[in-house]
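Take a look at the letters that make up each chain.
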Amino acid sequence: ALKKAVNIADLRLIAKARAHKMVFDYLDAGADDEISLRRGKDAYTELEMHYKILSGIKPPLDLSTKIFGMDVNLPFFGCPTAGNRMFHWEGETAAAKASEKFGTLYGLSSLATTGITEIGAIHSGPKVFQLYVWKDRELVKEVIAKAKEGGFGALALTVDFTWYGNRERDIRNDFSIPPKYSVPQMIEALRKPAWTYDFLSHEPYTYACINTDVPADSLAAFVNSQIAPEFNWSDAEWLLGEWNGPAAPKGVVRPDDAKRAIEIGFSSIWVSNHGARQLETSPATIDVLPSIREAVGPDVEIIMDGGVQRGTDIAKALALGADSVGVGKPYLWGLAAGGEAGVSRAYEILKVELDRAMGLLGTPTVADLKREGPSLIKRRGSSIRDYPDRNAHLRGYGGGIV
Ligand code: HOC
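Let me sum up the structure you'll find in this document. All values reported here derive from a predicted model rather than from experimental measurement.

Brief notes about the site of the ligand
Looking at the ligand, the residues that line it are Tyr26, Ala82, Leu111, Tyr132, Phe161, Tyr164, Arg167, Ile177, Leu219, His274 and Arg277. Separating an oxygen atom of the ligand from a side-chain N or O atom of Arg167 is a distance of 2.6 Å. Side-chain polar atom of Arg277 to an oxygen atom of the ligand: 2.8 Å apart, as the coordinates give it. Relative to its unbound accessible area of 340 Å², the ligand is 96% covered by the protein chains. When its residues are assigned to classes, the shell around the ligand shows eight nonpolar, one polar and two charged.

Dropping the structure here:
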């Protein structure tokens, strides 16, 4: 079935058919009415590619670049995402192996169901560890020390997660960790035999970097009990001192925040709205990216994620100011559809699409795409206004032609 997935949307449908509804909805959702989720994806369709002709490009193209100063073969990578073993028993291991195979960065979440050391042993390449603003400072120190030891070369501090977002699909499904085994959930499990068989025939998963065995009525209540909403700019400075290496605040959507983050010592900026799962009606990240690039200047590294489902989306983000692009849902759909093979299929699809987009645009390397970017991408309609008005001479001569 994975071979039949022509694009990321196909992988999503396979994942939907295979995984328990509660799990699929958790992965697929955004906050509230999912307006940001839809806009985040649709925003790319408003951007046109004004490609160059006769550029004489000979394949293969060079998709290599650097992320957090580390060499990678691709300008896109798998974002850190929580609880991968609920989607497929291979969990984070599958995503890390696929990232290693494609020679790209792997992001591990501190809400992962696989340990830091285990991932360090699987993926020898560049890795970023994603941290939440936990109340427990000792836990923070402990996990970042482990991340360093495990070969994680960069840290992403999640700055858009001081309250848990309102994911209404989860509330309707009575989603919880661990699952509640209610009657509707058990009936649904029977309808998804492949997922259920895998789930029952493997060790129950646990969260490697945090104790989820804390009594809470819901996932939101659990998360809210562990997170420190009071975490502020000086706490971020404290963290940077503890980490002492490349780091980005993950969840930036404003130019002033981006500038301030660089001023206090972050090496990079991570433009993101948490997959549209946190603050509803937060902007589409591709829309805010150019103003953030302008604010921090050409030399600060910008990583971006949000709404990416096509190679052309990645090309647009690189052209508009990102140095690299994270994908979340696309590889998780791949994981839920078929473990490591599914994640690899997602990467393969995006790689082929990006390669084709760059070839057709007339930019053989990532550096070319970044340099020429602003002239290649225009907002739909803006280019029409740029052209001289062909009917101007007729205006005022009684025909109502224009
Ligand atoms: C303990 C489990 O970043 C998301 C994640 C974190 C969710 C908490 C999951 O889905 O937004």
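Structure shown, so let's carry the discussion forward.
Thoughts on unusual backbone geometry
Omega for the bond connecting Pro59 with Pro60 falls within 30 degrees of zero, at 0°, which places this linkage in the cis form. Its location among the elements puts Pro60 in the loop between strand S1 (47–49) and strand S2 (65–67). The backbone of Asp32 shows a phi angle near 45°, a positive value even though the residue is not glycine. Mapped onto the elements, Asp32 comes out in the loop between helix H2 (21–28) and helix H3 (35–42). Unusually for a residue other than glycine, Asn244 sits at a positive phi of about 55°. Relative to the helices and strands, Asn244 resides in the loop between helix H11 (233–243) and strand S8 (247–252).

Concerning helix H9 (residues 193–200)
The complete set of buried residues in H9 reads Trp195, Thr196 and Asp198. Angular distribution of buried residues about the axis of H9 spans 165°; they occupy a single face of the element. Summarising the geometry of H9, the exposed residues directed more than 90 degrees from the buried face are Pro193, Tyr197 and Leu200. Where the residues of H9 are buried, they touch helix H1 (8–18), H2 and helix H8 (183–191).

What to know about the nonpolar core
Counting 108 residues, the largest nonpolar core has Phe129 and Leu131 as the members making the most contacts within it. If you tally residues by element for this core, the top one is helix H15 (residues 329–361), at 15 residues. When neighbours within four sequence positions are excluded, Leu131 is seen to be in contact with Ser110, Val140, Val143, Ile144, Leu155, Ala156, Leu157, Thr158 and Leu239. One finds Met70, Val72, Phe77 and Trp270 within the second-largest nonpolar core, a separate group that totals 13 residues.

Quick notes on H11
All of the buried residues along H11 are Asp235, Ala236, Leu239, Leu240 and Trp243. The buried residues of H11 occupy an angular sector of 145° when the element is viewed end-on, so they sit on one face. Elements in contact with the buried residues of H11: strand S6 (127–131), helix H6 (137–149), strand S7 (154–158), S8 and helix H12 (255–264).

A short note on the pattern of salt bridges
Evaluated as defined, the whole model comprises 19 salt bridges. Residue Asp28 is joined to Arg12 by a salt bridge in which the shortest nitrogen-to-oxygen separation is 2.9 Å. Of this pair, Asp28 sits in helix H2 while Arg12 is found in helix H1, placing the two residues 16 residues apart along the sequence. Residue classification places Arg12 among the partly exposed residues on the basis of a relative accessible area of 24%. For Glu138, the salt bridge is made with Lys141, and the minimal N-O distance between the two is 3.8 Å. On the criterion of helical spacing, the pair formed by Glu138 and Lys141 is a turn pair, its members being three residues apart in helix H6. Judged by its relative accessible area of 32%, Lys141 falls in the partly exposed class. A single network of salt bridges, built from pairs that share partners, joins Arg12, Lys21, Asp25, Asp28, Glu34 and Arg169.

Some remarks on the packing of aromatic side chains
Summed over all chains, the structure comprises 13 aromatic pairs. Pairing Tyr26 with Phe175 gives two aromatic rings, centres 5.0 Å apart and planes at 15°, and the pair type is stacked. Placement of Tyr26 in helix H2 and of Phe175 in the loop between helix H7 (168–173) and H8 is noted, with a sequence separation of 149 residues between them. With a relative accessible area of 10%, Tyr26 lands in the buried category. Centroid distance Phe76 to Tyr347: 6.1 Å. Interplanar angle 70°. Geometry classified as edge-to-face. Pair noted here: Phe76 is in strand S4 (residues 76–78) and Tyr347 is in helix H15, with a separation of 271 residues, a long-range link. According to the relative accessible area criterion, Tyr347 is buried, its value standing at 0%. The residue whose ring lies beneath Arg137 is Trp238, and the NZ or CZ to ring-centre distance is 4.3 Å. Lying across the ring of Tyr26, Arg277 places its NZ or CZ 4.8 Å from the centre.

Focus: the environment of Val252
Looking at where Val252 falls in the secondary structure, it is placed in strand S8. A sequence separation of 117 residues divides Val252 from Lys135, and the C-alpha atoms of the two residues are 21 Å apart. Setting aside its immediate chain neighbours within four residues, Val252 contacts Asp257, Ala258, Ile269, Trp270, Val271, Ser272 and Ile292.

Notes on the side chain of Ser282
Summarising the element assignment, Ser282 is placed in the loop between strand S9 (268–271) and helix H13 (285–296). Judged by its relative accessible area of 13%, Ser282 is buried. At 2.9 Å, the side chain of Ser282 forms a polar contact with the backbone oxygen of Leu279. Those residues in contact with Ser282 that lie beyond four places of it in its chain are Ser36 and Asn273.

Basis of the calculations
- Residues numbered from 1 in each chain as written.
- Predicted model: local features only at pLDDT ≥ 70, side-chain atom pairs only at ≥ 80, totals over all residues.
- Heavy atoms only, no water.
- Near = heavy atom within 4 Å.
- Polar contact = N/O pair within 3.5 Å; in protein donor to acceptor, adjacent residues only side chain to side chain.
- Areas by Shrake-Rupley, 256 points an atom, 1.4 Å probe, with all protein chains shown as cover.
- Nonpolar A, V, L, I, M, F, W, Y, C, P; charged D, E, K, R; others polar.
- Helix = DSSP H or I, 4+ residues; strand = E, 2+ residues; numbered from the N terminus.
- Buried < 20%, exposed > 50% of the residue type's maximum accessible area, 1.4 Å probe, protein only.
- Arc of directions from axis to C-beta.
- Contact = heavy atoms within 4.5 Å.
- Core = buried A, V, L, I, M, F, W, Y, C linked by side-chain atoms within 4.5 Å.
- Salt bridge = Lys/Arg side-chain N within 4 Å of Asp/Glu carboxyl O.
- Phe/Tyr/Trp six-rings, centres within 6.5 Å; stacked < 30°, edge-to-face > 60°.
- Lys NZ or Arg CZ within 6 Å of the ring centre and 35° of its normal.

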